[in-house]
Amino acid sequence: MTQINKLKIFNDPIYGFITIPNELIYDLIQHPYFQRLRRISQMGLSYLVYPGANHTRFHHALGCMHLMKKAIDTLRFKDVVISEEEENALLIAILLHDIGHGPFSHAMEKSIVEDVHHEAISLLFMNQLNEEFDGRLSLAIQVFKGEYDRKFMLQLISSQLDMDRMDYLKRDSFYTGVAEGNVNSERLIQMMNVVDDVLVIEEKGIYSVEKFLLSRRLMYWQAYLHKTSLVAELILMKVLKRAKELTLKGVKLTCSEPLMYFMQNKITLEDFDAEKLDLFSQLDDFDIISALKSWQRHPDFILSTLSKMIINRDLLKIKLSADKIPMEESQSLKEEFAEAHNISALDAGYFIFRGKIKNQAYSKAAEPIRILKKDKTIEDVVEASDQLNLKSLSKLVTKYYICFPKQLI
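Anyway, here's the lowdown on the structure attached to this text. (Residues numbered from 1 in each chain as written. Predicted model: local features only at pLDDT ≥ 70, side-chain atom pairs only at ≥ 80, totals over all residues. Heavy atoms only, no water.)

### Here's the deal with the overall build of the protein
What counts here: Starting at the N terminus, helices and strands are each numbered in turn, a helix being any DSSP run of H or I of at least four residues and a strand any DSSP run of E of at least two. We compute the radius of gyration over the C-alpha atoms and compare it with the globule rule, which gives 2.2 Å times the number of residues raised to the power 0.38. Contacts are assigned to residue pairs that have any heavy atoms within 4.5 Å of one another.
On a plain count of helices and strands, the protein comes out with 19 helices and 9 strands. In terms of overall dimensions, the protein is globule-like: its C-alpha atoms have a radius of gyration of 23 Å, near the 22 Å expected for 409 residues. Principal-axis analysis of the C-alpha atoms places the extent of the protein at approximately 70 × 65 × 35 Å. Here the contacts in the protein between residues at least 6 apart in sequence split such that 71% fall between residues at least 24 apart.

Structural data, given as structure tokens:
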């Protein structure tokens with residue numbers, strides 16, 4: 001039998017060559033659960049705004065693993081002891097951190113799989129893989145859950161300056177062409193250290209941290225919360241909600257079997273056994289796009305109209321405001337639309353709705369980004385920085401929106 005060479009190299013447009021460090025990680029990448037990430041877009045429907053934003057969660061996970069390897073090498077160089085077993089756990093935990101994402105990322109969480117966060121599903125996948133790989137993921141799961149006694153390891157995976165954020169900002173900036181989001185991940189990693197089991201950034205890296213936080217804020221307003229991306233995702237959630245509503249009423253819809261299963265059943269986290277997890281693992285963006293293409297010809301006015309909006313990129317109008325939008329404004333639009341299309345005011349709520357979005361580049365309530373000063377004291381980056389704008393970046397910004405059909409303008 002021919003021996004497979006498992007020490008492969010990927011060519012990544014962001015970092016150049018990414019090496020698979022060992023055979024276990026190769027086998028995890030080859031697993032159908034992980035290969036599915038090739039069919040899950042990293043930025044949802046943002047390609048409707050930025051045509052280049054077609055990169056996937058697969059890209060992102062490999063990038064995170066590459067950055068984690070760099071971080072481990074840097075910390076070891078600074079005499080932080082990280083065993084081979086711990087290194088492997090860190091690489092596996094960051095590689096699999098997004099494995100539970102559903103189609104188009106966050107739209108599923110609020111419509112088909114109700115209130116089940118992707119991180120909880122990631123953990124279910126990791127536990128399942130741990131069984132298949134004879135317990136070799138146990139330490140990675142411990143680190144991922146924050147149960148391992150070395151606190152800084154979780155900070156590398158999930159914090160305000162983790163490998164996940166470092167990769168997605170750089171990667172999403174590259175694929176969208178939004179240059180303001182391009183962070184210097186190399187420099188940030190070189191400035192990392194560990195003091196008293198806590199991750200810190202050496203003082204000379206403070207400007208890179210400031211740039212990172214500013215880039216994060218700009219990427220949220222220019223890309224992740226861009227009003228067209230936002231309205232497209234909201235319409236997708238409404239389509240899935242309508243499809244589920246019709247299915248539960250016994251209306252026949254055409255879609256893939258796994259998607260139909262999740263539309264016919266209310267699935268909570270407690271319901272996720274191995275069988276449901278396997279069904280979820282068969283869902284990807286193609287199920288949704290295929291369903292939308294079919295539903296645009298469905299006799300139901302709401303389902304077909306909303307499906308056409310996404311397929312043809314002829315979306316609802318969205319208006320953003322710093323002030324709360326009065327209910328009367330949406331109510332009068334609903335009545336006008338309902339009368340024009342002979343539907344109920346309740347059904348008009350699929351086309352006219354209000355909401356709010358929030359963005360906070362840096363949270364003072366969460367675990368801070370710590371700066372190690374030259375005198376060996378440690379300070380929150382907001383206090384250590386001489387930039388006044390860092391204080392404003394920790395302010396929560398709320399914007400209100402109203403969505404409505406263009407013909408109502």
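### Re the packing of helix H3 (residues 57–77) against helix H4 (residues 84–95)
This is how it is decided: In this analysis, axes come from line fits to C-alpha atoms, helices being fitted only over the stretch in contact, and the angle between any two N-to-C directions falls in the range 0 to 180 degrees. Oblique is the label for every angle not falling under 35 degrees (roughly parallel), over 145 degrees (roughly antiparallel), or within 65 to 115 degrees (roughly perpendicular). Left-handed is the label given to a crossing in which the near helix is rotated counterclockwise from the far helix by less than a right angle, and right-handed is the label when the rotation is clockwise. For this classification, Asp, Glu, Lys and Arg are treated as charged, while Ala, Val, Leu, Ile, Met, Phe, Trp, Tyr, Cys and Pro are nonpolar and the rest, including Gly, are polar.
Where H3 contacts H4, the two axes come as close as 8 Å, and the packing angle between them is 150°. With respect to H4, the axis of H3 lies roughly antiparallel. Taken as a pair, H3 and H4 cross one another with a handedness that is right-handed. Counted together, Ala61, Leu62, Cys64, Met65, Met68, Lys69, Ile72 and Arg76 of H3 and Glu84, Glu87, Leu90, Leu91, Ile94 and Leu95 of H4 form the full contact between these two elements. When the residues that make up the contact of H3 with H4 are grouped by side-chain class, the tally is 10 nonpolar, no polar and 4 charged.

### A closer look at the packing of aromatic side chains
How two aromatic rings sit relative to each other is given by the distance of their centres and the angle of their planes. What counts here: Aromatic rings from Phe, Tyr and Trp, with only the six-membered ring used for Trp, were paired whenever their centres fell within 6.5 Å, and each pair was classed as stacked if the ring planes differed by under 30 degrees, edge-to-face if by over 60, and tilted otherwise. Whether a charge lies above a ring is judged from NZ of Lys or CZ of Arg, which has to be within 6 Å of the ring centre and within 35 degrees of the ring normal.
Scanning the entire structure with this criterion turns up 13 aromatic pairs. Arranged with centres 5.1 Å apart and planes meeting at 80°, the rings of phenylalanine 174 and tyrosine 175 form a pair that is edge-to-face. Three or more aromatic residues link up through ring pairs in this structure, and these residues are Tyr33, Phe125, Tyr261, Phe262, Phe272 and Phe280. One cation-aromatic arrangement involves lysine 238 over phenylalanine 353; the distance from NZ or CZ to the ring centre is 4.4 Å.

### A word on helix H1 (residues 23–30)
Formally: Buried residues are those whose accessible area, probed at 1.4 Å on protein chains only, stays under 20% of the maximum for their type, while exposed residues exceed 50% and partly exposed ones sit between those limits. Between N or O atoms, a polar contact is any pair within 3.5 Å; within protein, one atom must be a potential hydrogen donor and the other a potential acceptor, and residues adjacent in sequence are included only when both atoms are from side chains.
Those residues of H1 lying buried are Leu24, Ile25, Tyr26, Leu28 and Ile29. Check the buried side of H1 and you find it contacts strand E1 (9–12), helix H2 (32–35), H3, H4 and helix H5 (118–132). N-cap assignment for H1: the residue whose side-chain oxygen lies 3.2 Å from the backbone N of leucine 24 is asparagine 22.

### Focus on the sheet that holds strand E9 (residues 397–404)
As a reminder, the rule being used: Two strands qualify as a pair provided that DSSP identifies no fewer than 2 bridges between them.
If you trace the 3 strands from one edge of the open sheet to the other, you get E5-E9-E6, paired in antiparallel fashion. One side of each edge strand has no neighbouring strand; the edge strands of this open sheet are strand E5 (317–321) and strand E6 (353–359). Within this sheet the neighbouring strands show an average axis-to-axis angle of 25°, counted without direction. Bridge count for E6 against E9 is 7 bridges, and the pairing is antiparallel. From the neighbouring strand, isoleucine 357 faces E9, where its bridge partner is lysine 399. Those strands touched by helix H10 (residues 206–224) are E6 and E9, and its axis lies near 165° from that of E6.

### Here's the deal with the nonpolar core
Here is the rule we go by: Nine residue types can take part in a nonpolar core, namely buried Ala, Val, Leu, Ile, Met, Phe, Trp, Tyr and Cys, and a core is a set of them joined through side-chain atoms within 4.5 Å.
Of all hydrophobic cores here, the largest spans 140 residues; its most connected members are Leu95, Leu156, Met163, Trp295, Phe351 and Val381. Looking at this core element by element, the count peaks at 11 residues for helix H11 (residues 227–248). Excluding its chain neighbours within four sequence positions, the residues that come into contact with leucine 95 are Ile25, Leu28, Ile29, Phe34, Ala61, Leu62 and Met65.

### Here's the deal with helix H14 (residues 285–295)
The test is simple: This arc describes the spread of directions from the helix axis toward the C-beta atoms.
Looking at H14, one finds that the buried residues are Asp285, Asp287, Ile288, Ala291, Leu292 and Trp295. Each buried residue of H14 sits inside an arc of 160° when the element is viewed along its axis, so together they form one side. Packed against the buried residues of H14 are H11, helix H12 (257–264) and helix H15 (301–311). Two or three places before phenylalanine 286, at the start of H14, stands the capping residue aspartate 284, its side-chain oxygen 2.9 Å from that residue's backbone nitrogen.

### Let's talk about the pattern of salt bridges
The criterion, for reference: We define a salt bridge as a contact between a side-chain nitrogen of Lys or Arg and a carboxyl oxygen of Asp or Glu at a distance within 4 Å.
Here the structure, examined in full by the defined rule, presents 21 salt bridges. The partner of arginine 39 in a salt bridge is aspartate 284, with the nearest N and O atoms 2.6 Å apart. Of this pair, arginine 39 sits in the loop between H2 and H3 while aspartate 284 sits in the loop between helix H13 (274–280) and H14, and the two are 245 residues apart along the sequence. Of the residues examined, arginine 39 reaches a relative accessible area of 32% and is grouped as partly exposed. Judged by its relative accessible area of 6%, aspartate 284 is buried. Put simply, glutamate 245 and lysine 249 hold a salt bridge, and the shortest N to O gap is 3.9 Å.

### Some points on the side chain of glutamate 202
Note that glutamate 202 resides in strand E4 (residues 198–202). Glutamate 202 sits in the buried class, given a relative accessible area of 14%. Polar contacts involving the side chain of glutamate 202 include one to the side chain of asparagine 193, which spans 3.2 Å.

### Some thoughts on the sheet that holds strand E8 (residues 378–380)
Strand pairing within a sheet occurs via backbone hydrogen bonds; the two strands may be parallel or antiparallel. Taken together, the 4 strands give an open sheet; going across it, the order is E3-E4-E7-E8, and neighbouring strands pair in mixed fashion. A strand with exactly one partner marks an edge of an open sheet, and here the two such strands are strand E3 (192–195) and E8. For this sheet, the mean inter-axis angle between neighbouring strands, taken without regard to orientation, is 45°. As defined by bridge partners, E4 adjoins strand E7 (residues 370–372) across 2 bridges and the pair is classed as parallel. By the bridge assignment, isoleucine 201 is partnered in E7 with isoleucine 371.

### Quick notes on the pairing of E4
Buried residues dominate E4, accounting for 5 of its 5 residues. Every second residue of E4 is oriented toward a common face, with Val198, Val200 and Glu202 on one face and Leu199 and Ile201 on the other, all of them buried. The pairing of E3 with E4 spans 4 bridges and is classified as antiparallel. Directly across from methionine 192, in E4, lies its bridge partner isoleucine 201. The turn linking E3 back onto E4 is made up of 2 residues, and aspartate 196 within it adopts a positive phi angle of 50°.

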